[in-house]
Structure formats: C-alpha cells, structure tokens
Amino acid sequence: MSTLSGSLRRLVLAPSLLDVTFAARGFPGSPSEVTRRLETIPQAVVCGFEWGIDARDQWEVERRLSMIEPELRGFAYEGATMAFTVLDAMGGGRGHRTRDLLLGPGQPHIFLTYIGIGFAMARLPRVLWRKVMPDLGGSPYYPTMSWLAVDGYGFDRAYFDTRRWVDEQRIPSPYPWEGSPDYFPRAVDQGIGRALWFIHGARVGDVATAVRRFASHRQADLWSGVGLAATFAGGCDADTLAVLRREAGEHAPEVAQGVVFAAKARSYAGFVPAHTEVATAALAGLSVRDAVALADDSEVAPGPSASVPAYELWRGRVREHFAARLVA
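Residues numbered from 1 in each chain as written. Predicted model: local features only at pLDDT ≥ 70, side-chain atom pairs only at ≥ 80, totals over all residues. Heavy atoms only, no water.

Peer 1: Explain the overall build of the protein chain residue by residue, including any values.
Peer 2: What the protein chain contains, in helices and strands, is 17 helices and zero strands. Dimensions of the protein chain, computed from C-alpha atoms along their principal axes, come out at roughly 60 × 50 × 35 Å. If you take every contact in the protein chain between residues at least 6 apart in sequence, the share linking residues at least 24 apart comes to 74%. Accessible surface for the protein chain amounts to roughly 13300 Å². Of this, 53% is attributable to carbon and sulfur atoms. With 35 positive and 36 negative side-chain charges, the protein chain shows a spacing of 4 Å between the two charge centroids. (Helix = DSSP H or I, 4+ residues; strand = E, 2+ residues; numbered from the N terminus. Contact = heavy atoms within 4.5 Å. Areas by Shrake-Rupley, 256 points an atom, 1.4 Å probe, with all protein chains shown as cover. Lys, Arg positive; Asp, Glu negative; His and termini not counted. Charge placed at Lys NZ, Arg CZ, Asp CG, Glu CD.)

Peer 1: If you had to explain the packing of aromatic side chains to someone new, which residues and values would you point to?
Peer 2: Applying the stated criterion across every chain yields a total of 21 aromatic pairs. Both rings, one in F111 and one in Y141, keep their centres 5.2 Å apart while their planes meet at 40 degrees; by these two values the pair is tilted. You can see F111 sitting in helix α7 (residues 110-121) and its partner Y141 sitting in the loop between α7 and α8 (147-160), a full 30 residues away along the chain. The residues F111 and Y141 share a single accessibility class, namely buried. Here the aromatic cluster, defined as three or more aromatic residues joined through ring pairs, consists of F111, Y141, W147, Y183, F261, Y268, Y311 and W314. Cation over ring: R123 sits above F160, and NZ or CZ is 5.3 Å from the ring centre. Sitting over the ring of F232, R266 keeps its end group 3.9 Å from the ring centre. (Phe/Tyr/Trp six-rings, centres within 6.5 Å; stacked < 30°, edge-to-face > 60°. Buried < 20%, exposed > 50% of the residue type's maximum accessible area, 1.4 Å probe, protein only. Lys NZ or Arg CZ within 6 Å of the ring centre and 35° of its normal.)

Peer 1: Quick rundown of unusual backbone geometry? Include the residues and the values.
Peer 2: At the junction of Y142 and P143, the peptide bond is cis and its omega measures out at 5 degrees in the coordinates. Despite not being glycine, Y141 shows a phi value in the positive range, around 70 degrees. Unusually for a residue other than glycine, Q169 sits at a positive phi of about 55 degrees. Position of Q169 relative to the elements: it lies in the loop between α9 (162-167) and α10 (184-199). What makes Q169 partly exposed here is its relative accessible area of 21%.

Peer 1: Tell me about the pattern of salt bridges, residues and numbers included.
Peer 2: Scanning the model with the defined rule gives 18 salt bridges in all. Of the charged contacts in the structure, one is a salt bridge between D156 and R123, with a shortest N-O distance of 2.5 Å. Here R123 lies in the loop between α7 and α8 and D156 lies in helix α8, a separation of 33 residues in the sequence. Note that R315 is salt-bridged to E312, the shortest N-O span being 2.5 Å. Within this pair, R315 and its partner E312 are both found in helix α17 (residues 310-327), separated by three residues, close to a single helical turn. According to the relative accessible area criterion, R315 is buried, its value standing at 1%. Among the ionic contacts, a cluster of salt bridges with common partners joins R186, D221, E312, R315 and R319. (Salt bridge = Lys/Arg side-chain N within 4 Å of Asp/Glu carboxyl O.)

Peer 1: Give a detailed account of the environment of W51, specifying residues and quantitative values.
Peer 2: Mapped onto the secondary structure, W51 falls in helix α3 (residues 33-54). On a C-alpha basis, the gap between W51 and A80 in space is 6.7 Å, while along the polypeptide they are 29 residues apart.

Peer 1: How would you explain the nonpolar core if you had to name every residue and give the values?
Peer 2: Core analysis: the largest hydrophobic core is formed by 112 residues, its most contacted members being M145, W177, W197, F198 and L244. Among the elements that line this core, the one with the most residues is helix α5 (residues 70-90), at 11 residues. In this view, L244 contacts W197, V204, W223, V226, A230 and L283; residues no more than four positions away in its chain are not counted. (Core = buried A, V, L, I, M, F, W, Y, C linked by side-chain atoms within 4.5 Å.)

Peer 1: Requested: an account of the packing of helix α11 (residues 204-212) against helix α12 (residues 219-232), with residues and values cited.
Peer 2: Packed helices, taken two at a time, are described by the angle between their axes plus the distance between the axes. At a minimum axis separation of 9 Å, α11 and α12 run at an interaxial angle of 155 degrees. One way to sum up the angle between α11 and α12 is to call them roughly antiparallel. Two packed elements cross with a definite hand, and for α11 against α12 that hand is right-handed. The residues of α12 that touch α11, namely those facing V207, A208, V211 and R212, are Q219, L222, W223 and V226. (Axes fitted to C-alpha atoms, helices over the stretch in contact; angles between N-to-C directions. Parallel < 35°, antiparallel > 145°, perpendicular 65-115°, else oblique. Left-handed = near helix turned anticlockwise from the far one by under 90°.)

Peer 1: Now, about the packing of α12 against helix α14 (residues 252-269): what can you tell me, with residues and values included?
Peer 2: It is at 7 Å that the axes of α12 and α14 come closest, and there the two elements cross at 40 degrees. The angle between the axes of α12 and α14 places the two elements in the oblique class. Considering only the axes of α12 and α14, their crossing is right-handed. Side by side, α12 and α14 meet where A220, W223, S224, G227, L228, T231 and F232 of the first sit next to E254, V255, Q257, G258, V259, F261, A262, A263, A265 and R266 of the second. Of the residues that constitute the contact of α12 with α14, the class distribution is 10 nonpolar, five polar and two charged. (Nonpolar A, V, L, I, M, F, W, Y, C, P; charged D, E, K, R; others polar.)

Peer 1: Summarise α7; cite the residues concerned and give the values.
Peer 2: Side chains three or four residues apart in an α-helix point the same way, a direct result of the helix having 3.6 residues per turn. Here α7 is 12 residues long and its end C-alpha atoms lie 17 Å apart, about the 16 Å a rise of 1.5 Å per residue gives. Most of α7 sits out of view: 12 of its 12 residues are buried. Among the residues making up α7, those that are buried are I110, F111, L112, T113, Y114, I115, G116, I117, G118, F119, A120 and M121. (Expected span 1.5 Å × (residues − 1).)

Peer 1: Lay out the environment of A220 in plain terms, naming residues and giving numbers.
Peer 2: Its place among the elements puts A220 in helix α12. Sequence separation between A220 and Q190 is 30 residues, and the spatial gap between their C-alpha atoms is 8.7 Å. Setting aside its immediate chain neighbours within four residues, A220 contacts H251 and E254.

Encoded structure:
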C-alpha cells in the first residue's frame, strides 16, 4: 500500500517510464531492438524507486524486487536504494532504511546499490550529501567501492542533463568524498562514460566519437565507464565489441578495467548473463571466472594515510595487468 508522503515524493522526484526512454530524452539514433532492451534498465530503476518511496516496510520492497527477472533485478535495487537514501537524508524515513537494505537483501547487489545512492545525490542539495552514505562497517567493499555512488551521480547527470554534462562537457566542483575531493571529478567521468553507452544506443562508432570530444585528460576514465556499461548492460555481439576495443586504442586497458569490475559485480550478484560472458572475452580476453579472480587479486584495502583512494589503486592494478599484456 502506498503512503501519501511517499506518493508525493514519487511525483516530485521520479521520472515516468516514458521519460527515461531514449526518444523522450532526445538521444540520437533510431529505435532498435538494442535500444528497446537498454531502455528497460532505467525503467527498472524507476520501478525500484517507486516501490521504495511508497512502501511501508522493507519486506514489501524486497518481495517486489524478487519478482524482477535476475538480469534486471540489480537495477531495480538501484532505484529502491535511491528512494531509501532520499528518505533517510530528508528525514522522512526511519533514518536507517538504506543501511538495512544494503546490509540485508541488497547485499548481493552492493555495487549497484552504491550507484543508487549516487542517483539520490543528483536530486538532493549538496548540504545533504554528508547524510547519504550509511555506515556499512564490516561489510565487503566498504568504503572502497562507495566511489560508485559518485559514478552513479555522473551517470544520472549525463543521462538527464545531456546538454550540460555531455555536449558542454561540464566538470563538477570537487567534493570531499572519502576525503579525496580532487578525485571526485574523475569518478563522475566514469559515470558519464557509462551514460555514453546508453545515450548512443551501444553504437560503438558513435560512443567512441563521443568520448573523443572530451578533453584528452578525461578520456581514460570515460573509457573505463564505457567498458563497464558494455559488459554489464550489453548491447553488442563479439565482432562489434572487437571494434570497440580497437576504437579505444591506447585506452584499451581502461576499457578492460571497466570490464573486470562489471564481471565482478555480475558474478557477486549471482547471475551472469550471456552478454557479460561475451563482452568479458571480447574486451578483456578473459573468462568471467578469470576476470573475477583478477579483481579479487588486485583489491586494495583502504588506508587512512593513502593519498590516492583505495578504489583508484584497485583500478590501477587491474589496468596495469592489461597494459603489461599489451607491451608483451
């Protein structure tokens, strides 16, 4: 049953299913089976948000999410996390909804639920951002992978304000996420790179052209986001992905790094679709199992004295693996 306050927040904050279609967003290209499939991803996020913002308790949200097909379930968890984050940050919930979700049924989808926090950030004033990340101490990948929230923020801005964040290539003001304000724009760019995969409907030539329009120092992080989206969301066959790898050129290690993180996230959630297997092989030359092993072997534990976030050190170790292969 919906609550009145939840329904009001839904009307104010959530786009409709139609609003997130590529045609409604004004994205280039003609509709196709690929674009229709990709559109189901933001639509699953919208459904998760609506269920989360309206629900009276977590059990109801969990039950609804369990009925989503496994390939899309993580995206619906993104939306539910976004809703719970808004409720917690604005004081309209119990104050620990997000934590309960991420430590409970959302745990297998932890990589995507972090992204959902970023979607909430895009709709909350910066003064409330200090309240969006719950204490998940003791859980895997916290706080290292909380940078995916910043990635989610970048994706949201590029998807819903494409003119400013893609066409005009806006750079966000630094924010001291995990004590590293200078890294904040780089994590945003990773999310923008993921969004480019959707904005251009997985057409690799157009995606590559879009990346190259950005300043050269931003392209590596954008390519990482492209690799992650191509692997997690899908949209291309092996031959087309081989073209994408060639288009990336010197940034092939960044693409492969995104691939490894996507394979890890899919495996951790317990469902690896066929397109993830194909992309992992085509873009990284690995099986999903080997990609997960590489991610695990490259993980860096967070340390308070590190000048570079553990998240970036982790990414760097994965990139170095592929850069070494290219040199060899």
